[in-house]
Number of protein chains: 4
Amino acid sequence: MAYKVAVVGAAGYAGIEAVRLLLDHPAFNLVAITSNADAGQSLASVYPSFAGVSDLTFTTHDDPVLATCDAVFLAVPHTAALAAAPGLLAAGVSVFDLSADYRLSDPAVYEAWYNTPHTSPELLATRAFGLPELFADDLSAAAARHAAGESVLVACAGCYPTATSLGAFPAVNAGWMAAGAAVVVDAISGVTGAGKSANARTHYCSADENVEAYGVCKHRHTPEIEQILGLPDRVVFTPHLAPLKRGLLSTVNIPLAEGVAQTLTTEEAVERYRAFYQGRPFVRVLDAGQMPKTSSVAGSNACQIGLAVNARARMLVVTSAIDNLCKGAAGQAIQCANVVFGLDERSGLPLTALPV
Amino acid sequence: MAYKVAVVGAAGYAGIEAVRLLLDHPAFNLVAITSNADAGQSLASVYPSFAGVSDLTFTTHDDPVLATCDAVFLAVPHTAALAAAPGLLAAGVSVFDLSADYRLSDPAVYEAWYNTPHTSPELLATRAFGLPELFADDLSAAAARHAAGESVLVACAGCYPTATSLGAFPAVNAGWMAAGAAVVVDAISGVTGAGKSANARTHYCSADENVEAYGVCKHRHTPEIEQILGLPDRVVFTPHLAPLKRGLLSTVNIPLAEGVAQTLTTEEAVERYRAFYQGRPFVRVLDAGQMPKTSSVAGSNACQIGLAVNARARMLVVTSAIDNLCKGAAGQAIQCANVVFGLDERSGLPLTALPV
Amino acid sequence: MAYKVAVVGAAGYAGIEAVRLLLDHPAFNLVAITSNADAGQSLASVYPSFAGVSDLTFTTHDDPVLATCDAVFLAVPHTAALAAAPGLLAAGVSVFDLSADYRLSDPAVYEAWYNTPHTSPELLATRAFGLPELFADDLSAAAARHAAGESVLVACAGCYPTATSLGAFPAVNAGWMAAGAAVVVDAISGVTGAGKSANARTHYCSADENVEAYGVCKHRHTPEIEQILGLPDRVVFTPHLAPLKRGLLSTVNIPLAEGVAQTLTTEEAVERYRAFYQGRPFVRVLDAGQMPKTSSVAGSNACQIGLAVNARARMLVVTSAIDNLCKGAAGQAIQCANVVFGLDERSGLPLTALPV
Amino acid sequence: MAYKVAVVGAAGYAGIEAVRLLLDHPAFNLVAITSNADAGQSLASVYPSFAGVSDLTFTTHDDPVLATCDAVFLAVPHTAALAAAPGLLAAGVSVFDLSADYRLSDPAVYEAWYNTPHTSPELLATRAFGLPELFADDLSAAAARHAAGESVLVACAGCYPTATSLGAFPAVNAGWMAAGAAVVVDAISGVTGAGKSANARTHYCSADENVEAYGVCKHRHTPEIEQILGLPDRVVFTPHLAPLKRGLLSTVNIPLAEGVAQTLTTEEAVERYRAFYQGRPFVRVLDAGQMPKTSSVAGSNACQIGLAVNARARMLVVTSAIDNLCKGAAGQAIQCANVVFGLDERSGLPLTALPV
């Protein structure tokens, strides 16, 4: 059984990662890749790693084949998904949106942070939030509706929210947090996170041998993290750029309630996290004393999590590593699509990074 | 049908690449990984990218399970294969040797360049040379002997010789070279090529932001390239170290005979090369005017080749890119094993690098 | 007027940076460089960037010339300075110690974090703390004693404490912090911070394309930061390793008192910081909205600081960038020596990084 | 005595390197930096490493102050120097041109390789070629004319020609080459060599973890190398891009005459080179058996050269390392200006790279 799928915005970094994964997917058949800028060019001419392995050619975003697909992956900037999703859904195509357009439940929050009107807020009520390990019910419901013949919309979580929330959620869920305190998230991303656009920041000679913070106190993933964790106005999020291609590490500092800080050990925290993620193939909670390397997950859909309890200062420190393009974007979208289409969650998704 | 296989020297960079590939191989079942230094440790504790995906534990090189395997991959330094291969072969195990020990046909050349006696020269007469695109007959003969129940020895080509020879052979074979002239090979390798040993050269702060030549006029891959191309004392080979993990680019300068230089176009050279590599899934000859990037083949078993004719100075310039750990080591060994065991040459071998 | 100086531990990364700076210093004359491991080798043979510019040769740590110097810079691991400093001071040599041995005022804290006895606690009462922008009085007093003919001991601040404290101190000093809250410090260092020792962590193929946290909740710079800021048990410090040679970025999250959070603007915070650092040549507080790049200070003794007030979550976010080997080690030690010897604070210290 | 100088094209990578060096120069007073794209912006806002150390602001290329300078450095693309130089010279300003416009002695060669007319060929007869170690007479003559009150034009050598020619010239000059043979030059440059323009090639995610050849058989530095060495149509030049910011390594393969190859030792070659460069402060010929690292010269005006004789294949292999922005561009231009203005050749020029 093969489903027809397409990637819109396939020449961007998240889009081309979706293309890579879908070309090897056992159940999805990639029939179209669109890019207005690269339309007419072959896949291999734009990304030479595909030389000899695919004859696909980029088409424009209005390629009529999209409406004939079972699923379309939208790897486009925000507002572009607002423009594309309603029509596809109406045509019976399920939409897996990698953009931010349908992530925030409250359109007013979207408008405040993205500074643009939300043109299809009616879709928010039924869209599934695409972070399978934390929103399994959303995806089960979407799968049921899809099995009943409906087209469904999945708003896939962003890269920083994914790593951060997978690292923070079990602790918040366990009630370990000090009341009223703020979670401090300092995260580091590779340069693919800044996108394919060639500019002063992404020039090799700017990014190489440099780390810097950006978007401090105003990055748009902040309200998304707050929404997932249920902590409005209590997340301080500072992203950083580091000189690597792929990889995202989120260091999450969770203030512990006094009673928890006095008794919780790192080993117990590890145990609790492992129980929480029992049966989830992509999340691996490391032994107490170990912290993940981003290189251990690059190219894979895995998330590795390390924990340490700081009793002195009453803090749980969590570091959570993903590949920003895979588990943080294209891999997660395909994972969601696997669930929605009733496939094994792992179909077509690499579990293992290059060892070196 | 699953064959039992093992990797000796599995904790080194070529060894762990073999482990990565064999864990996903459809016909080879990896039953043992050996490393004297890491014996007793789990695969995931030494290479955390395997966390949660394999329960293998390193054993010592004298693990008795080796003698029960169908094939053993030797990812060991030179002389260690001399020690291990005869016993395995006698036990009926086919050996795919990634070291240099059985590559040179003449044991005197081996002894001159490696400064150590060759202790099993009798094996050289029947060993196959493991570079499938150029020594197809060797491997066919080995496959026939294997099918007849014999254990076989394959001496897999080295990383620099593989990239260089794939880039040079069709031109030499076509008779384009000026008589008596020397081929100049300047090649660049990533740091995995220097091995897993932590030393002054492989320290991040030495290798980062630096390129340098090494082993100038005395690198041991020189006689191997000369043997493959049939050009004794006519190869000048200078390897360089560059700040990347994986990837090898060989720039090969082939002096053209006067008549050839006056008439051969780059387009014709491309056409000839494409005809030569017709039907070989891993070699891709790029269009005239294009040169390969090492990042286009990293992590895959592909080799990409670009060509340019310099009529003014009577030179064919070829650049040839491989992943030194995959097509230059573990991938090639598995490709050879696929042929010997009668499998599809591509089994378990990635054709495509990460697009970014 | 030239003073005789020496560097003990000159072949390590902080030591060789001291050598670089001292070779160009207008008032200090470098007469000895010691390294037990490299004794007898020329400076240029160990660090080829010095080829043709210096005839110095490494000697052993017991080189008798040390006792004839005006000042000795100790660029040694902890405990080695405990062994060396008392004798040098007794011989009338002023000591600028880059190690941690005399930084912590309370020897019990030293013994708890470094797990070794403090063998000369009597020196702690009079040692100056070497962070000129925050401990000017300490260094003035040392300069006065030195002018009176005494030898003095300066315990130079560590790399993470320097960047972190320069970023946090003015806010703490202003009384902006919420009572009882913890400061969260997530810092990123280049690989020179891990030292010259070649090991699995510093291997190029481990550090490249990777970020990871290390020493979580137990890094020994934690009590040093707490001491400088006067915040015992209220600093959560997580260092990270990133793939660059030099550079350290400390992201400091300072919880604001409720009244402060409601009124303080980023512009006002910048103004306050600029007033605090008025007249200090190496500290530059950036305009509101700007955050520093580590590449802007690499190779120089500068510290660049960026500020952002997060009113929603009541947090001041500060990022502070230094070169870990210069302002974080050798440059700072020379800055301290300049003050002690009555020279211009800037003598021999680069103000500017390479622009690209 | 301070001379007024300016940099035209100061925001590009070669230009900003000139600015860095001139701000610390003891005899040149930098009064203007021009950039049409950045006019009106402060130096520090475009290159934040200059924060707090200079108040210069970019002006446009037609800044009238240029005509009042003693010297102007043109760090502009080719053809822009053709437009600017004649007017400056007529105004009595000496011009140090970092572009290619006046390097080639024969305007027909310029027109053939640059595909544009040469609009001031009359200047070629008297321009000095700016490569002080090889064209000392040119610069002496220019210095004499300058001392006599004339404005002079110096066409500074390009980056690849500088490294390559410093590596090859003594051998060619010694008559060691085989008659009629071609010199094969494979060179590697850091990404600053590709310029400040943000494009697909200079994007971090394209350049990182990649090496590739470019401009094969058609790079415009080819005729410049041939002119310097006096070897028309006998240079095969292939440049490569590697993932580092600064640094250029040229590997030069010089075919030896049969008699030379049989007798010349590497030690003798080193001796000859050292005699040739006797008294030149920036060129360092390494001991036999050593090859230079680009990191040993990055940020400095030094050139390090290593040699190896390959008797088997009758080849002298030379590797020559420079910083492409310093000795390969801005540093060399200032070195030329030092000579022309009668200053010490080393004025304002760093001899030493960062040791790590």
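Here, the structure is the one placed above.
Anyway, here's the lowdown on the structure attached to this text. It should be emphasised that the depicted structure is a prediction, and the values quoted were computed from it without experimental measurement.

Brief notes about the relation of the copies chain C and chain A
The transformation that overlays chain C on chain A combines an axial shift of 0.0 Å with a rotation of 180 degrees, and the residual RMSD is 0.0 Å. A rotation of that kind, with that shift, is consistent with a two-fold axis. Taken together, the interface assignments show that 100% of the residues at the interface of chain C recur at the interface of chain A, consistent with an identical surface on both copies.

Focus: the interface of chain C and chain A
Facing 43 residues of chain C, the contacting portion of chain A comprises 43 residues. For the pair chain C and chain A, the summed buried surface comes to about 3600 Å²; carbon and sulfur atoms form 60% of the total. Of all residues in chain C, the largest losses of buried area upon contact with chain A belong to C:Glu209, C:Val211 and C:Arg312, amounting jointly to 18% of the total for that side. At the junction of chain C and chain A, the tally comes to 6 salt bridges. When the shortest N-O distance is used, the salt bridge between C:Glu212 and A:Lys293 registers 3.4 Å. Where chain C touches chain A, the interface holds 20 residue pairs in polar contact (both at pLDDT 80 or more). Ranked by residue count, the leading element in the side of chain C that touches chain A is strand β10 (residues 235-241) of chain C, at 4 residues. Grouping the amino acids of the side of chain C that touches chain A by side-chain chemistry returns 23 nonpolar, 11 polar and 9 charged.

Looking at the environment of C:Ala136
All names here are of chain C. Relative to the helices and strands, Ala136 resides in helix α5 (residues 136-147). Classification of Ala136 as partly exposed rests on a relative accessible area of 32%. Sequence spacing of Ala136 and Val339 is 203 residues, and the spatial spacing of their C-alpha atoms is 9.3 Å.

Regarding the sheet that holds strand β6 (residues 128-130) of chain B
Residue and element names in this part refer to chain B. In spatial order, the strands read β3-β2-β1-β4-β5-β7-β6; together these 7 strands make up an open sheet with parallel pairing. Two strands in the sheet have a free side with no partner beyond their single neighbour: β3 (58-59) and β6. Pairing analysis gives 4 bridges linking strand β4 (residues 71-74) to strand β5 (residues 94-97), with the strands arranged parallel. Within β5, the position partnered with Leu74 by the bridge is Asp97.

Considerations on the relation of the copies chain D and chain A
In screw terms, the move from chain D to chain A is a rotation of 180 degrees and a rise of 0.0 Å along the axis, fitting with an RMSD of 0.0 Å. A share of 100% of the interface residues of chain D reappears at the interface of chain A, consistent with the copies meeting face to face through the same patch.

Here we look at the interface of chain D and chain A
Listed by partner, the interface residues are 19 residues for chain D and 19 residues for chain A. Linking chain D with chain A are 0 salt bridges, by the criterion used here. Linking chain D with chain A are 11 residue pairs in polar contact (both at pLDDT 80 or more), by the criterion used here. Counting residues per element, the side of chain D that touches chain A draws most heavily on helix α7 (residues 204-207) of chain D, at 3 residues. Broken down by class, the residue content of the side of chain D that touches chain A amounts to 9 nonpolar, 6 polar and 4 charged.

Some details on empty space enclosed by the protein
The final tally for this structure, using the stated rule, is 4 cavities of 30 Å³ or more. Volume-wise, the largest cavity comes out at about 80 Å³. Along the wall of the largest cavity there are 15 residues; nearest its centre are A:Asp208, B:Asp208, C:Tyr204, C:Asp208 and D:Asp208.

Considerations on the packing of aromatic side chains
Residue and element names in this part refer to chain B. A complete count under the given rule lists 43 aromatic pairs over all chains for this structure. When the ring of Phe169 is compared with that of Phe276, the centres are 5.8 Å apart and the planes differ by 50 degrees; the resulting orientation is tilted. Linking Phe169 in helix α6 (residues 159-173) with Phe276 in helix α10 (residues 266-276), this pair joins segments that are 107 residues apart in sequence. Judged by relative accessible area, which is 17%, Phe169 ranks as buried. A residue is classified by how much of its surface remains accessible, and Phe276, at 29% relative accessible area, is partly exposed.

Cut-offs used in this document
Residues numbered from 1 in each chain as written. Chains lettered and ligands numbered in written order. Predicted model: local features only at pLDDT ≥ 70, side-chain atom pairs only at ≥ 80, totals over all residues. Heavy atoms only, no water. Least-squares fit on C-alpha atoms with pLDDT ≥ 70 in both. Contact = heavy atoms within 4.5 Å. Buried area = accessible area lost by both parts, 1.4 Å probe. Salt bridge = Lys/Arg side-chain N within 4 Å of Asp/Glu carboxyl O. Polar contact = N/O pair within 3.5 Å; in protein donor to acceptor, adjacent residues only side chain to side chain. Helix = DSSP H or I, 4+ residues; strand = E, 2+ residues; numbered from the N terminus. Nonpolar A, V, L, I, M, F, W, Y, C, P; charged D, E, K, R; others polar. Buried < 20%, exposed > 50% of the residue type's maximum accessible area, 1.4 Å probe, protein only. Pairing = 2+ DSSP bridges. 1 Å grid on protein atoms, 1.4 Å probe; cavity = no way out; pocket = protein on both sides within 12 Å on 5 of 7 lines; lining within 4 Å. Points joined across faces, edges and corners; volume = space filled by probe spheres on them. Phe/Tyr/Trp six-rings, centres within 6.5 Å; stacked < 30°, edge-to-face > 60°.

Function-wise, these values are silent; they only describe arrangement.
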